[in-house]
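This is what each chain is made of:
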Amino acid sequence: MAEITARSVARDAGHPGPTLLERFRRNQPWWLLPISVVAVLGGFGLYALVSVFIFRPGEIGPYLSPFWSPKIGDNGKLFGPFPGAAFILLSPLAFRGTCYYYRKAYYRSFFWDPPACALGELRHRKYRGESKLPMALNNLHRFTLYVAVVILGFLWYDALTAFNNPATGKWGFGLGSAILVVNVVLLSGYTFSCHSLRHLAGGGLDCYSTARLGTLRNRAWRGLTVLNGRHPMWAWVSLFSVLLADVYIRMLQAGWFADPHIGF
Ligand code: FES
């Protein structure tokens with residue numbers, strides 16, 4: 001007699017059953033995910049602070065690090081010791097910090113609130129949700145989205161102008177320009193898969209056919225819904241691409257190697 005498993009039951013019921021990733025996760029101890037999130041998010045936060053406050057401005061040739069875009073202040077300095085990038089950093093920090101997906105990730109991993117499904121709360125304080133400060137600040141997410149869209153515009157500008165070398169005025173294609181383009185595409189995926197944006201497009205409507213610009217909003221909502229289904233994926237890949245773009249520019253600045261390019 002064939003063995004009865006969760007997968008065979010799901011298959012008989014016409015459901016594809018758990019994916020490879022889901023089965024992998026199920027077989028791991030519950031603490032692996034929270035610890036990984038703490039390591040990755042904590043490591044990224046530390047790197048961002050070092051890159052902005054300790055390293056020099058992340059710019060070389062036609063390439064500008066996403067941490068330093070848009071360029072503000074004189075030679076990276078704005079107020080005394082504070083580089084312009086420190087102020088720019090506030091925008092992605094607020095956007096990601098109040099993101100619905102990241103909230104789940106860091107509530108579980110940093111605050112153990114609770115640390116995983118089917119586990120009780122490890123802290124037994126009175127639960128206040130997001131009705132009191134500082135967690136109430138998470139309700140500002142939709143406003144941080146507006147700022148993030150503006151910053152995204154600057155990043156697209158940087159990625160496209162990275163094909164033009166300011167020293168020679170010539171156009172070309174380098175590994176750095178490819179990295180910046182991939183980065184801004186992934187950041188666009190993250191920004192446009194935002195739950196708040198999807199709600200803005202059509203989430204608050206009861207009936208598209210009677211709403212102003214209803215057809216257009218319905219199309220936008222459908223498109224954003226496709227992106228939104230993979231919001232956690234966009235969140236992580238865009239985080240890594242920002243890191244990669246900055247590290248690559250730092251390596252060029254340090255003279256470790258020359259940017260492989262054609263046409264410049
Ligand atoms: S919900 Fe994650 S960016 Fe808006």
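In this report, we go over the structure that sits alongside the text. All of these numbers come straight from a predicted model, not from anything done at the bench.

This model, assessed by the stated rule, comprises one cavity of 30 Å³ or more. As for the largest cavity, its lining consists of Leu64, Pro66, Leu155, Asp158, Ala159, Leu180 and Asn183. Elements represented by at least two residues in the lining of the largest cavity include exactly helix H6 (141-161) and helix H7 (175-192). Counting residues per element, the lining of the largest cavity draws most heavily on H6, which supplies three residues.

Moving on, we get to the pattern of salt bridges. Counted according to the given criterion, the structure contains two salt bridges. Its salt-bridge partner being Asp246, residue Arg250 comes within 3.4 Å of it at the nearest N-O pair. With Arg250 and Asp246 both in helix H10 (residues 231-253), this residue pair falls four residues apart, about one helical turn. For the pair Arg250 and Asp246, one class covers both residues: buried.

Let us look at the packing of helix H3 (residues 32-53) against helix H5 (residues 100-109). The relative placement of two packed helices is expressed as an angle between their axes plus a distance between the axes. Running from N to C, H3 and H5 point in directions that differ by 110°, and their axes come no closer than 9 Å. Judged by the angle between their axes, H3 and H5 are roughly perpendicular. Viewed along their axes, H3 and H5 form a crossing whose handedness is left-handed. Of the residues in H5, those touching H3 at Pro34, Val37, Val38 and Leu41 are Tyr102, Ala105, Tyr106, Arg108 and Ser109. For the contact of H3 with H5, the per-class residue count stands at seven nonpolar, one polar and one charged.

Glancing now at the nonpolar core. If you look at the biggest cluster of nonpolar residues, it comprises 47 residues, and the most contacted ones within it are Leu41, Phe67, Tyr101, Tyr102, Leu180, Tyr190 and Trp236. If you list the elements that add at least two residues to this core, you get H3, strand E2 (63-64), helix H4 (84-97), H5, H6, H7, helix H8 (195-203) and H10. At nine residues, the largest contribution of residues to this core is made by H10. For Tyr190, the residues in contact, after removing those within four places along its chain, are Phe95, Arg96, Cys99, Tyr102, His231, Trp234, Ala235 and Ser238.

Attention shifts here to the layout of surface pockets. When its volume is computed, the second largest pocket comes out at roughly 770 Å³. Lining the second largest pocket are 30 residues, and of these Phe44, Pro92, Leu93, Arg96 and Leu239 sit closest to its centre. The set of elements that each furnish at least two residues to the lining of the second largest pocket consists of H3, H4, H5, H6, H7 and H10. No other element matches H4, which puts eight residues into the lining of the second largest pocket. Residue composition of the lining of the second largest pocket, grouped by class: 24 nonpolar, five polar and one charged.

What counts and what doesn't
- Per chain, residues are indexed from 1 in the order of the written sequence.
- Thresholds applied to this predicted model are a pLDDT of at least 70 for local features of residues and 80 or more for the giving and counting of side-chain atom pairs; totals over whole chains, interfaces and linings are not thresholded and use all residues.
- Side-chain numbers here rest on the full set of heavy atoms in the structure, without hydrogens or water.
- A pocket here means an open set of points on a 1 Å grid, computed over the protein atoms alone, that has protein on both sides within 12 Å along at least five of seven lines. A cavity is instead a set of points where a 1.4 Å probe fits but cannot get out; residues with an atom within 4 Å of a point line either one.
- Grid points are joined across faces, edges and corners, and a volume is the space filled by probe spheres set on the points.
- By the criteria applied, helices consist of DSSP H or I runs no shorter than four residues and strands consist of E runs no shorter than two, each listed in order from the N terminus.
- The term salt bridge refers to a side-chain nitrogen of Lys or Arg lying within 4 Å of a carboxyl oxygen of Asp or Glu.
- Buried residues are those whose accessible area, probed at 1.4 Å on protein chains only, stays under 20% of the maximum for their type, while exposed residues exceed 50% and partly exposed ones sit between those limits.
- Here the axes come from fitting lines to C-alpha atoms, over the contacting stretch only for helices, and the angles between their N-to-C directions go from 0 to 180 degrees.
- Angle categories: roughly parallel below 35 degrees, roughly antiparallel above 145, roughly perpendicular from 65 to 115, and oblique for all the rest.
- Note: crossing handedness is left-handed where the near helix turns anticlockwise from the far helix by less than a right angle, and right-handed where it turns clockwise.
- Contacts between residues were defined by any pair of non-hydrogen atoms, one from each residue, lying within 4.5 Å.
- Each residue gets one of three labels, nonpolar for Ala, Val, Leu, Ile, Met, Phe, Trp, Tyr, Cys and Pro, charged for Asp, Glu, Lys and Arg, and polar for the others, Gly among them.
- For this analysis, a nonpolar core means a set of buried residues of the types Ala, Val, Leu, Ile, Met, Phe, Trp, Tyr and Cys, connected via side-chain atoms within 4.5 Å.

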